[in-house]
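Tertiary structure, described
Spelled out, the chains give:
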Amino acid sequence: MTEQQMTGAEILLKALADQGVDVIFGYPGGAVLPIYDAIFQQNAIRHVLVRHEQGATHMAEGYARSTGKVGVVLVTSGPGATNAVTGLTDALMDSIPIVCLTGQVPTHLIGNDAFQEADTTGITRPCTKHNYLVKNIDDLARIVHEAFYVARSGRPGPVVIDLPKDILMGKGLYTNGKDARHKTYRPRTKGDPDKIAAAVELLASAKRPVFYTGGGVINSGPKATALLREFVKLTGYPITSTLMGLGAFSGVDPAFLGMLGMHGTYEANLAMAHCDVMFAVGARFDDRVTGKTDHFSKGSRKIHIDIDPSSINKNIPVEIGIVGDVASVLEDMLALWKGKRREPDRAALAKWWDQIGEWRKVDCLKFEQKGDLIKPQYAIQRLYELTKGMDAYITTEVGQHQMWAAQFYRFRDPNRWMTSGGLGTMGYGLPAAIGVQMAHPDSLVIDISGDASFLMNVQEMGTATQYRLPVKVFVLNNRYMGMVRQWQELLHGNRYSESYSDSQPDLVKLAESWGWVGLRCDKAGELDAIIARMIDTKKPVIVDVAVDPAENCFPMIPSGAAHYDMILGPGQKPKTVSDFGLTMV
Amino acid sequence: MSNANGGTERHAIGVLVDNEAGVLARVVGLFSGRGYNIESLTVAAVDNENNLSRITIVTTGTPMIIEQIKAQLSRLVPVHKVSDLTVEGPHLERELAMVKVVGHGERRVESLRTADIFRARVVDSTAESFVFEISGSTSKLDAFIDLMRNLGMVEVVRTGVVAMSRGRQGL
């Protein structure tokens, strides 16, 4: 315990350093000037100057997701805080631990509609896991340590600390409480033994089992990933993953059925529809996964592990809901499975794998690359083939390119894939890549991007330039908001209302204007060479890949449809979509 | 899933929370943000030493929604304990109302007689008005207010339900 008089800003930085923070993503302004003054006078923590506060939040997310640590954001009051709201919501939806420090007008001005005042705790209450307004300097150190505890404990999420300027400039004592916990907030990590026993028996009795795993496995940490792999190997059961869970299990393992859900594989979705025992691990039965809920895997008995009790029985009723940390519960289940010498029903399992083999023969991700015109799937397939042995991290924006990346880039390891799953935030990928690159300066970090999404946080190119971060932006340029266009084609009679990207900048010149390298590729035959050049360039690079503008992302479960109503390819139109389906997003 | 698991049920839920700024907004925001019903909500500090407040929420929903409400409340950081009084054994519910009645002659006398039957107390009186204070179950208050409506009632205010389990067990 150290105790000495310090300013609020100094206390804040000391607390951050004690939390092991090495980098902050931020943007200065009037209310946070005392913090910037303190940052200027120390070396323990690096500050990355972003170009827009939303960028800072996604950088912190990329940093957090790729390291397993808490990401830190610093923004000023008013517009600084409101600009951070999208990133906070994104982190809440995808369970990413970040702590966002927001400046605030001095306490005596709060409520007076002061310059750059916003009710930050009010605005961010529904988009954070928790938030604080510091009203007394004596609470400051405790709140900072508590905020980190809350952000990373249980189901991780974003925490805001609102810091009035008079608190930052006042004097107080620092108490190191880096191991402090919240006085009552104690998420349950150990699963109920009776339910674990029941789950093991149910799993052992399965004839047509499937593992359905999600981002919770990755959030739980490397131990959870290792245990999951061991469990799948031990049982020989098939496994599918959500978008957020990709990499928890190896994408090249024969037991892996590919991603499930709206743009998941035929075999993954049909295995979910026809299984008799579903084992949901750190996944939350989100509507992209379930499709029409009352037709979702009606014949199966379901086991669900989740650290958040509110995820269990929220969308889909399950028979055995186990509240706990994935690693802890899997460890207990494995121990019990081995201890009781449980064996899978090999004969039934062989039949089940035969059935899955039939579904696999449909080859649902097939596409035809003919001639010069580049198919977007081909572009990602080549990117994967040319980078697969490397120390690579992939981020994405949101839309068709994101789904193709999820389908065609095969992740072998966790924490290598950063994407905006829950909120679907266009403009996520470039700043997320910058955050990843800050944490992994020598790795290859690629933002698989679309031409529309890329422009949403294009200003962050300047950040990459300033900090010499050699991120790569691989733009699948179809001159459309592709996913919007796809829905308009399939559901709105080809009326492409406002989905064409008119007046695009010249991406090569744009790259050059920021000191990046710009490459263009419009012939399939040149793709490999250009990807190789991108990889070899030690500077940030944009690769503008002109892809087939008419290509759609398949398979697709139309909104409001069931798993077995997939559209497999362009020849197939959706069955008449119900009015209910049309209201779904 | 609003149609899952049959019809809607009414539940009284007791919630023990840190008495800190914003905690009520978190609870109310949870209900409005997720589209849950609030029939009534009461809150007051109950333990100054430990800085705790107790909230009683009466809500309606399908069993699945009620489970969600409890799980969502439990994961708010300043929430210590959530207790579904409706399912956790017999419990008491009480509400308090003040009812202002203006009238002369027989109507005024009748209001006083009715108040007596309901064991309402007169807490304010002028030559032409009474304020009655009544406590009890929600249905008892409803019945009393219904009768007062024809006897010159001009104003009513109710606290909403407070609830507690019967027996020796505390929250």
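The rules behind these values
Residues numbered from 1 in each chain as written. Chains lettered and ligands numbered in written order. Predicted model: local features only at pLDDT ≥ 70, side-chain atom pairs only at ≥ 80, totals over all residues. Helix = DSSP H or I, 4+ residues; strand = E, 2+ residues; numbered from the N terminus. Rg over C-alpha atoms; globule rule 2.2 N^0.38 Å. Buried ≥ 20, exposed ≤ 12 C-beta atoms within 10 Å, placed from the backbone. Contact = placed C-beta atoms within 7 Å. Nonpolar A, V, L, I, M, F, W, Y, C, P; charged D, E, K, R; others polar. Pairing = 2+ DSSP bridges. Axes fitted to C-alpha atoms, helices over the stretch in contact; angles between N-to-C directions. Arc of directions from axis to C-beta. pLDDT = per-residue confidence, 0-100. Core = buried A, V, L, I, M, F, W, Y, C linked by C-beta atoms within 7 Å. Parallel < 35°, antiparallel > 145°, perpendicular 65-115°, else oblique.

The next thing to look at is the overall build of chain A. Across its full length, chain A holds 24 helices and 20 strands. In summary, chain A has a C-alpha radius of gyration of 24 Å against a globular reference of 25 Å for 585 residues, a match within 12%. Viewed in the frame of its principal axes, chain A has a C-alpha envelope of about 70 × 60 × 45 Å. Here chain A, with 585 residues, has 56% of them falling under the buried criterion. Sequence-distant contacts, at least 24 apart, represent 76% of the contacts inside chain A between residues at least 6 apart.

On a plain count of helices and strands, chain B comes out with 4 helices and 9 strands. Each helix and strand of chain B, ordered N terminal to C terminal, gives the series β-α-β-β-α-β-β-α-β-β-α-β-β. Overall, chain B is about 55 × 45 × 35 Å in size when its C-alpha atoms are taken along their principal axes. Expressed as a percentage of the 171 residues in chain B, the buried residues total 27%. Summarising the internal contacts of chain B: among those between residues at least 6 apart in sequence, 75% fall at separations of at least 24.

Contacts between the two partners involve 16 residues from chain B and, on the opposite side, 17 residues from chain A. Broken down by secondary-structure element, the contributors of at least two residues to the side of chain B that touches chain A are α1 (23–33) and α2 (63–74) of chain B. The element that contributes the greatest number of residues to the side of chain B that touches chain A is α2(B), accounting for 6 residues. The class makeup of the residues in the side of chain B that touches chain A is 6 nonpolar, 7 polar and 3 charged.

A few words on the sheet that holds strand β1 (residues 9–18) of chain B. Within a sheet, each strand pairs with its neighbour through backbone hydrogen bonds, oriented either parallel or antiparallel. All names here are of chain B. Pairing is antiparallel across the open sheet formed by 4 strands, whose spatial order is β2-β3-β1-β4. Among the strands making up the open sheet, the edge pair consists of β2 (40–47) and β4 (79–84). Strand-to-strand, the axes of this sheet are offset by a mean angle of 20°, without reference to chain direction. Examined bridge by bridge, β1 and β4 share 5 bridges and lie antiparallel to one another. Across the sheet, isoleucine 13 pairs through a bridge with aspartate 84, a residue of β4.

Bringing the pairing of strand β14 (residues 320–323) of chain A into the picture now. Residues and elements named next belong to chain A. Side chains Ile320 and Ile322 of β14 all project onto a buried face; the interleaved residues Gly321 and Val323 project onto the opposite face, where all are buried too. In this sheet, β14 lies alongside strand β13 (residues 301–306) in parallel orientation, the contact comprising 4 bridges. Within β14, the residue paired with aspartate 306 across the bridge is valine 323.

Residue and element names in this part refer to chain A. The element strand β4 (residues 71–75) is largely enclosed, with a buried count of 5 among its 5 residues. Of the two faces of β4, the one carrying Gly71, Val73 and Val75 and the one carrying Val72 and Leu74 are both buried. The sheet contact formed by strand β2 (residues 23–26) and β4 spans 2 bridges and is parallel. When the sheet's bridge partners are listed, glycine 26 is paired in β4 with leucine 74. Alignment of β4 against strand β5 (residues 98–104), held across 5 bridges, turns out to be parallel.

All names here are of chain A. Taken together, the buried positions of helix α21 (residues 482–491) are Gly482, Met483, Arg485 and Gln486. Down the axis, α21 shows its buried residues gathered within 155° of arc, on one side only. Each element contacted by the buried residues of α21 is listed here: α17 (400–408) and β17 (444–450).

Here we take up the confidence of the model for chain B. Looking at chain B as a whole, its pLDDT mean stands at 94, while 96% of the residues score no less than 70. Here the predicted complex carries an ipTM of 0.90, next to a pTM of 0.95.

A word on unusual backbone geometry. Excluding glycine, most residues fall at negative phi; most peptide bonds, likewise, are trans. All names here are of chain A. In the segment running from phenylalanine 554 into proline 555, the intervening peptide bond is cis, with an omega of -5°. Its location among the elements puts proline 555 in the loop between β20 (541–546) and α24 (579–583). Within the chain, asparagine 494 stands out as a residue other than glycine whose phi angle is a positive 60°. Its place among the elements puts asparagine 494 in the loop between α21 and α22 (507–513). A positive phi is found at serine 503, a non-glycine position, where the angle reads about 55°.

What follows concerns the nonpolar core. Val73(A), Ile98(A), Val99(A) and Ile161(A) are the most contacted members of the largest nonpolar core, which has 208 residues in total. Looking at this core, the element that brings in the most residues is helix α7 (residues 137–152) of chain A, giving 10 residues. Formed by 12 residues, the second largest nonpolar core is a distinct cluster that contains Val99(B), Ala120(B), Leu141(B) and Leu151(B).

All names here are of chain A. Relative to each other, helix α3 (residues 53–67) and helix α5 (residues 85–93) sit at 25°, their axes nearing to 7 Å. Relative to α5, the element α3 lies roughly parallel. Residues Gln54, Thr57, His58 and Glu61 of α3 form the contact with α5, whose participating residues are Thr86, Gly87, Leu88, Asp90 and Ala91. Counted by class, the contact of α3 with α5 contains 2 nonpolar, 5 polar and 2 charged residues.

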